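Okay, here's what each chain looks like letter by letter:
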Amino acid sequence: MSSGNAVVARNMRLLREQRGLSLAELARQAGLAKQTLSKLEQGTGNPTVDTLFSIAAALGVPVTRLVAEREQVMTVQRADEVVWQDHGGYESRSLDHIYGSGVIENYLVRIARDPQGAVKPSEAHPVGTLEHLYVISGRVRVGPVDSPVELSAGDFVRYPGDRPHAYESLEGESVVHVVVSVPRVQPGTGGVNLARTHGNGQR
């Protein structure tokens, strides 16, 4: 499997699963043979430009989303390394940006320090979900349970929310702002239910 074919295979499968589409349904919407798409997802096909554009149109994304390496999902931005932009009267700091549409949830979360150090991970959210977390006060250890990061007030992190993840305060009570972005699922495709990822807002 060539590296280019592997990129297309990985991106195509991820985008299809995010939309809750079966291979047969994607083939129907793209006007292509199911076998053609099956080979592409296995990394053994050699798609033409027209084929890639047809698939991208059916998935509702630019064709570059199929052929570009997926960016590193986890991004950490330390408070003492950021640049504030002067806009003549106010300053702004860019935390992050994402493409696409879906459900965007905002939470303020208070995390109490557990003296026993017991942390109960949150369950994985739908495929493709990202969590964007900014530390308002305190010190925390957050992120995927297999690769958490320690952050202080003013730090920011983005990490995959479609894997088990945890929130731990390292000293007293910490307060964080969390934005959860859940990818769009097209109506009638049998995709995941976009109910609130954290129920009534309690974490």
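The residue numbers shown here count from 1 along each chain, following its written sequence. The predicted origin of the model limits local features to residues at a pLDDT of at least 70 and limits the giving and counting of side-chain atom pairs to 80 or more, whereas totals for whole chains, interfaces and linings rest on all residues. Side-chain measures were taken over the full set of non-hydrogen atoms in the model, leaving aside hydrogen atoms and water.

Engineer: Please clarify how the pairing of strand E5 (residues 130-137) should be interpreted in this entry.
Structural biologist: A regular strand carries its side chains on alternate faces of the sheet. DSSP bridges decide pairing: two strands pair if at least two such bridges lie between them. Secondary structure elements are defined from DSSP: runs of H or I of at least 4 residues count as helices, runs of E of at least 2 residues count as strands, and each element is numbered from the N terminus. Bridge analysis of E5 against strand E8 (residues 156-160) gives five bridges, and the strand direction is antiparallel. Among the inter-strand pairings, Leu133 is bridged to a residue of E8, identified as Val157. Two strands pair when backbone bridges link them, and E5 and strand E10 (residues 174-183) are joined in this way by seven bridges, in the antiparallel orientation. Across the sheet, residue Leu130 finds its bridge partner in E10, namely Ser181.

Engineer: Just to check I follow, could you spell out the sheet that holds strand E7 (residues 149-152) for this structure?
Structural biologist: Across a sheet, paired strands are connected by hydrogen bonds in the backbone, their directions being either parallel or antiparallel. The three strands are arranged E7-E6-E9 in an open sheet whose pairing can be described as antiparallel. Looking at which strands have only one partner, the edges of the open sheet turn out to be E7 and strand E9 (165-169). With direction set aside, neighbouring strand axes in the sheet form an average angle of 20°. Of the pairings in the sheet, the one linking strand E6 (residues 139-144) to E7 comprises four bridges and is antiparallel in character. Looking across to E7, one finds that Arg139 is bridged to Ser152. Helix axes are fitted to C-alpha atoms over the stretch in contact, other axes to C-alpha atoms as well, and angles between N-to-C directions run from 0 to 180 degrees.

Engineer: Which parts of the structure should I look at to understand the side chain of Ser181?
Structural biologist: Residue position: Ser181 is located in strand E10. What qualifies as a polar contact is a pair of N or O atoms within 3.5 Å, subject to a donor-acceptor requirement within protein and to the restriction that residues adjacent in sequence count only when both atoms come from side chains. Polar side-chain contacts of Ser181 include one of 3.1 Å to the side chain of His132.

Engineer: Even after reading the chapter, I still don't get the packing of helix H2 (residues 23-30) against helix H3 (residues 34-42), so can you show me in this structure?
Structural biologist: The axes of two packed helices give the description: the angle between them and the distance between them. Where H2 meets H3, the closest approach of the two axes is 9 Å, and the angle between their N-to-C directions is 115°. For the crossing formed where H2 meets H3, the hand is right-handed. For the pair H2 and H3, contact is made by Leu23, Ala24, Leu26 and Ala27 and by Lys34, Leu37, Ser38 and Glu41, respectively. Under the convention adopted here, Pro, Cys and the residues Ala, Val, Leu, Ile, Met, Phe, Trp and Tyr are nonpolar, Asp, Glu, Lys and Arg are charged, and Gly plus all remaining residues are polar. Taken together, the residues of the contact of H2 with H3 break down into five nonpolar, one polar and two charged. Two helices cross in a left-handed way if the nearer one is turned anticlockwise from the farther one by less than a right angle. They cross in a right-handed way if the turn is clockwise. Contact between two residues is taken to exist if any of their heavy atoms lie within 4.5 Å; hydrogens are not considered.

Engineer: Explanation requested: H2 in the structure shown.
Structural biologist: One turn of the α-helix equals 3.6 residues, which is why residues spaced by three or four share an orientation. Among all positions in H2, only Leu23, Leu26, Ala27 and Ala30 are buried. Angularly, the buried residues of H2 cover 100° about the axis, an arc narrow enough to put them on a single face. Residue Gly31 follows H2 closely and has a positive phi angle near 70°. The buried label applies to any residue whose accessible area, calculated with a 1.4 Å probe on protein chains only, is under 20% of its type's maximum; exposed applies above 50%, and partly exposed to all values in between. Comment: arc refers to directions from the helix axis out to C-beta atoms.

Engineer: Could you clarify how one ought to interpret the pattern of salt bridges in this entry?
Structural biologist: Oppositely charged side chains can form a pair if their charged atoms are brought close together. Basic side-chain nitrogens of Lys or Arg form a salt bridge, by our definition, when they fall within 4 Å of a carboxyl oxygen of Asp or Glu. On inspection of all chains with the given rule, the structure shows nine salt bridges. Residue Arg141 is joined to Glu150 by a salt bridge in which the shortest nitrogen-to-oxygen separation is 2.8 Å. The exposure class assigned to Glu150 is partly exposed, which follows from its relative accessible area of 39%. Salt-bridge contacts for Arg163 lead to Asp146; the nearest nitrogen and oxygen are separated by 2.7 Å. Within this pair, whereas Arg163 is found in the loop between E8 and E9, its partner Asp146 is found in the loop between E6 and E7, the two being separated by 17 residues in sequence. Within the structure, one salt-bridge network assembled from shared partners comprises Arg139, Arg141, Glu150, Glu168 and Glu171.

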